[in-house]
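This is what each chain is made of:
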Amino acid sequence: MNKLNSKQRREFLKKSLAAGVAVGGSLLWGTTDRLFAKAAASGTPDLVAVKNGEPDAMFNQAITMMGGMKKFVKKGQTVLVKPNIGFARKPEIGATTNPKLIKSIVGHCFEAGAKKVYVFDNVAESSYGMARKCYKESGIEEAAKSAGALVAPADNEKYYQKVTIPGAKTLVSTEVHELVLEADVFINVPILKNHRYTYQSIAMKNLMGVVWDRMKYHSLDLEQSIADFCLFKKPDLNIVDAYRVMWRFGPQGSTPENAVLKKTLLVSKDIVAVDAAASKVYGMDPERVRYIQLGHDLNIGNMNLDELNIQRHVMGG
Amino acid sequence: MSLKKFRITISTTVFILCVMAFLGDEKISTALSNTLPYFQFTPSLLKFIHNPGHLLGSGFLILLAATFIFGRCYCSFLCPLGILQDIGIRLTRGFRKRHTFQRSYRLASYCLLVLTVVTAILGSFTLVNLLDPYSLFGRIASHPFKSVILWINNMIVDIFEQFDMYALMVRKQHHIPFSVLTVSIGSLGIILAFSIISGRAYCNTICPVGAFLGIVSRFSLFRFVIDPKNCRSCRSCESVCKAGCIDIDKLEIDSSRCVTCFNCLDACPKKALDYKAQVPIPFSGPRVPSKRSFLISSAAAGGTFLSALFPIRLSSLEAALHKQMPIMPPGSKSLSHFTQHCTACHLCVSVCRTNVIVPAYLEYGVCGILQPKLDYLQGHCDFDCNACGQVCPTGAIAPLLLPEKKRTRIGTVSLNKKKCIVHVNKKHCGACGEVCPTHAIFPVEKELVLFPEIDIDYCIGCGACEHACPTQPKAITVTSELVHLKAQKYVPSASTKQLAETHNKGFPF
């Protein structure tokens, strides 16, 4: 079915239902207003790094150091939390974001007054039916739901809208999940892991899970396209889960023995900076990861960590 | 409860369960496929022939014994295609002509039965695939029926999603080639038209299972008899007889065509009809001249015997002629095993969670028609799934335990470096390597570029790489293995965990 037609049909459906049901009206208006929660934060650090704690405890600490979730999420806003659910792997493999962290983030969003929190990922295993397996196996669906989030599907083209990316070198246009366009706050929650074909998968790479046609990246120029996408949308907050780091056989991983406990959490508004820092946590020079360099060159963020205000905290120490 | 109502209760239940089995929900289908095909003639017969000790095979013996005792009860109680026709007949009751006695086309049906059996023994399942009633129903249920039901499901999902309710999920119908859809919708149309015009004529003229059970039921213990003293020749029974086997003029009932629906018992106002054991068992009078029947039976026996002796199977000829055969599901063992067990019911097609199993049309050549294959344009074979083997009612796809399935090589990968993005553009891609579940694809770094390389020892041919490959045509492809092999298990090299030691005290920045 034509994508535009399907969109129009959905709009029509939405409107006709809204006309009949009074609740529908408020729902329709509620999602269209876009208030961005970009507080002009003067004292906010550029990057917060926490270690030696459980995922949820480290997040509590990190978000406090960032000035609290209220700084990013205002009352009544809609939040999108985008974890990495790329593969149907158990959390101990280290291929997917830690479910405890997701649960904690969703909880903080609601505490800050969020109206709705959505969680989704367009998974890497592109065959039909794999998405629901990834959602389940990773434990993220259950964790997010238990915190009250709406786990939305992303495995059908009908959820995506075509956008153009001004200034992009290769990824001039792409189809983006409608929740990325509709949500007031976009929180990117990648896991730090090895990727055998791009060296690292962290925050910038995680954004491949909000577009429909991942293979377009691969066929154009994978790393340039990853950087290009950030010109279209930079997350309001990037939270890198480096609690359990898969150090080889990425991105899908092998056995739990191929992941090590690093018990680290990085939080930043700067997606390039957080990738550079995470890359160092893995033990790799960020300059080797081409898309970090490209992102820096496109002024998406700053990979020179020396120039940034970094707050560090070691728990229980 | 009258016997007719009893029949309707049982058959409706069986029909609903059969439709549910073919709607593709993995749990429901797996549960039902362990019980339903037990009572389906062709699947249980195949199990019985190939594996006499198997539990499913004893289903065939039970069906055979039931037919010897009660007549063709399978056709009215258990055959989903028969029940489908009964539903069609019931729904059009007001619009069509009433049933009348029909002449028997016994010769035609016996010839078709013999031809089906002989070609099957020779190694071509084409006629079995086309004519077996259970498989015919399976295709009707999993193509047109399932399409309609999923369409309705997706409409409902669409409405729910407007209100942020994600409990139901959009479900995608598996790919059905147009030619295959034509066959399943065509057969549905023809069989329904047949049944509306002349009742169970399909079952008594074309269906090989009907023909075989018809032979058996000529000797059945229980049968319908007309009491000449009470019968007033009102033809009430004849007008409700779907099989058209009641001849009121001669006060005879052709038990070889009777499907034991019990309609006549309820219809008779004088209770002149009875269903009871006849001792001694009379040889119900088929008026086939004895010479002709002798010729037919001896030709059938001879043909079957000769074809069983025939040393070359058509599947091996086919494999020799065509190097490229379709990729068969894991558990299929070999081309000859698969094509000589599969009745093309498409239960595996329907249950496949990645929609990678699709019906073939003529790709298996003379071996069979409509039997399933793996199409990597549609998806890949999920590493952690063995559902197709779990549901297969005939053993064409043997049930494999997951550890065994994960090492079963159904095809072999090859990489065309002239088309591969990394080799052509010297830019990273890794689409194939990041989804390969067995480490058959691994990266090799040359001048800061990570090139995909292949080690076929680990390849199981799941097609994840081919499905993911972004080039057109695909740079990485899988070709079929005619005999499934065992892949090696990848054992990662023991390597020191360098990461564990570094920077454990503070931060590296």
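Bear in mind that the values here come from a model prediction, so they are computed numbers and not experimental data.

Enquirer: Where do I start with the overall build of chain A in this structure?
Expert: Counting its regular elements, chain A contains 12 helices and 12 strands. Within chain A, counting contacts between residues at least 6 apart in sequence, those at least 24 apart form 75% of the total.

Enquirer: How should I be thinking about the interface of chain B and chain A in this particular structure?
Expert: Accessible area lost when the parts come together is the quantity often used to give the size of an interface. Counting residues at the interface gives 39 residues for chain B, matched by 41 residues for chain A. The set of elements that each furnish at least two residues to the side of chain B that touches chain A consists of helix 9 (133–162), helix 22 (464–468) and helix 23 (498–501) of chain B. The residue makeup of the side of chain B that touches chain A, split by class, is 19 nonpolar, 12 polar and eight charged.

Enquirer: Where do I start with the pairing of strand 2 (residues 78–83) of chain A in this structure?
Expert: The side chains of a regular strand alternate between the sheet's two faces. Residue and element names in this part refer to chain A. Of all six residues making up strand 2, six are buried, and the element is well covered by its neighbours. Residue alternation in strand 2 divides its side chains into two sets, Thr78, Leu80 and Lys82 and Val79, Val81 and Pro83, and both sets are buried. Handedness of the strand 2-helix 4 (residues 99–111)-strand 3 (residues 116–119) crossover: right-handed. Of the strand pairs in this sheet, strand 2 and strand 7 (residues 185–189) are connected by five bridges, and their pairing is parallel.

Enquirer: How should the domain arrangement of chain B be read in this particular structure?
Expert: Under the domain assignment used here, chain B contains domain 1 (3–309) and domain 2 (409–490). Here the C-alpha centroids of domain 1 of chain B and domain 2 of chain B sit 47 Å apart.

Enquirer: What exactly am I supposed to notice about helix 12 (residues 208–217) of chain B here?
Expert: An α-helical segment advances 3.6 residues per turn. Residues three or four places apart therefore align on the same side. Across the 10 residues that make up helix 12 of chain B, a large majority, eight, are buried. Residues of helix 12 of chain B that are buried include every one of Pro208(B), Val209(B), Gly210(B), Ala211(B), Phe212(B), Leu213(B), Gly214(B) and Ser217(B), and no others.

Enquirer: Would you explain unusual backbone geometry in this entry?
Expert: Omega for the bond connecting Gly250(A) with Pro251(A) falls within 30 degrees of zero, at 5 degrees, which places this linkage in the cis form. The omega torsion across Gln472(B) and Pro473(B) is -10 degrees, close enough to zero to call that bond cis. Here Pro473(B) lies in the loop between helix 22 and strand 10 (476–486). Even without glycine at this site, Lys333(B) takes up a positive phi of about 70 degrees. We classify Lys333(B) as partly exposed; it has 17 C-beta atoms within 10 Å. Of note in the backbone geometry, Leu370(B) takes a positive phi value of approximately 70 degrees without being a glycine. With respect to the element layout, Leu370(B) can be found in the loop between strand 5 (357–359) and strand 6 (372–374). The buried category is assigned to Leu370(B), around which 27 C-beta atoms lie within 10 Å.

Enquirer: How should I be thinking about the confidence of the model for chain A in this particular structure?
Expert: For residues with low pLDDT, the predicted coordinates do not support detailed interpretation. In the predicted model, chain A carries a mean pLDDT of 88, and the fraction of residues at 70 or more is 86%. Here residues 18–41 of chain A is a poorly scored stretch, pLDDT under 50, and it has 23 contacts once near neighbours within four places are set aside; other chains count.

Enquirer: What's the story with the packing of helix 1 (residues 3–21) of chain B against helix 2 (residues 26–33) of chain B in this structure? I'm lost.
Expert: Residue and element names in this part refer to chain B. Interaxial distance between helix 1 and helix 2 falls to 8 Å at its minimum, and their mutual angle equals 130 degrees. The orientation of helix 1 with respect to helix 2, classified from their angle, is oblique. Crossing angle aside, the handedness with which helix 1 passes helix 2 is left-handed. Where helix 1 abuts helix 2, its residues Leu17, Met20 and Ala21 lie against Ile28, Ser29, Leu32 and Ser33. Class assignment for the residues of the contact of helix 1 with helix 2 results in five nonpolar, two polar and no charged.

Enquirer: Teacher, can you tell me more about the pairing of strand 9 (residues 449–454) of chain B here?
Expert: All names here are of chain B. Sheet topology places strand 8 (residues 441–446) next to strand 9; six bridges connect them, and they run antiparallel. When the bridges of strand 9 are listed, Ile441 appears paired with Ile454. Here strand 8 folds back onto strand 9 in antiparallel fashion, the turn holding two residues, of which Glu447 has a positive phi close to 45 degrees.

Enquirer: How should helix 6 (residues 80–91) of chain B be read in this particular structure?
Expert: Residues and elements named next belong to chain B. Under the 1.5 Å per step criterion, the end-to-end length of helix 6 is 16 Å for 12 residues, consistent within 8% with the ideal 16 Å. For helix 6, the complete set of buried residues consists of Pro80, Leu81, Gly82, Ile83, Leu84, Gln85, Asp86 and Ile89. Against helix 1, helix 5 (73–78), helix 9, helix 10 (178–198) and helix 11 (201–205) lie the buried residues of helix 6.

Enquirer: How should I be thinking about the packing of helix 7 (residues 106–122) of chain B against helix 12 of chain B in this particular structure?
Expert: A pair of packed helices is captured by two measures, namely the crossing angle of their axes and the spacing between those axes. Residues and elements named next belong to chain B. Across the interface, helix 7 lies against helix 12 with an axial gap of 9 Å and an inter-helix angle of 110 degrees. When the axis of helix 7 is compared with that of helix 12, the two are roughly perpendicular. Helix 12 is crossed by helix 7, and the crossing has left-handed handedness. For the pair helix 7 and helix 12, contact is made by Ser109, Tyr110, Leu112, Leu113 and Thr116 and by Pro208, Ala211 and Phe212, respectively. Grouping the amino acids of the contact of helix 7 with helix 12 by side-chain chemistry returns six nonpolar, two polar and no charged.

Enquirer: I tried to follow the environment of Ser480(B) on my own but got confused; where do I start?
Expert: Residue and element names in this part refer to chain B. Take Ser480: it is sitting in strand 10. Between the C-alpha atom of Ser480 and that of Glu466, which follows or precedes it by 14 residues, the distance is 13 Å. For Ser480, the residues in contact, after removing those within four places along its chain, are Met325, Pro326, Ile327, Met328 and Gly411.

Thresholds, definitions, all that
- Residues numbered from 1 in each chain as written.
- Chains lettered and ligands numbered in written order.
- Predicted model: local features only at pLDDT ≥ 70, side-chain atom pairs only at ≥ 80, totals over all residues.
- Helix = DSSP H or I, 4+ residues; strand = E, 2+ residues; numbered from the N terminus.
- Contact = placed C-beta atoms within 7 Å.
- Nonpolar A, V, L, I, M, F, W, Y, C, P; charged D, E, K, R; others polar.
- Buried ≥ 20, exposed ≤ 12 C-beta atoms within 10 Å, placed from the backbone.
- Right-handed = clockwise from strand over helix to strand, strands pointing away.
- Pairing = 2+ DSSP bridges.
- Domains from an automatic or database assignment.
- pLDDT = per-residue confidence, 0-100.
- Axes fitted to C-alpha atoms, helices over the stretch in contact; angles between N-to-C directions.
- Parallel < 35°, antiparallel > 145°, perpendicular 65-115°, else oblique.
- Left-handed = near helix turned anticlockwise from the far one by under 90°.
- Expected span 1.5 Å × (residues − 1).

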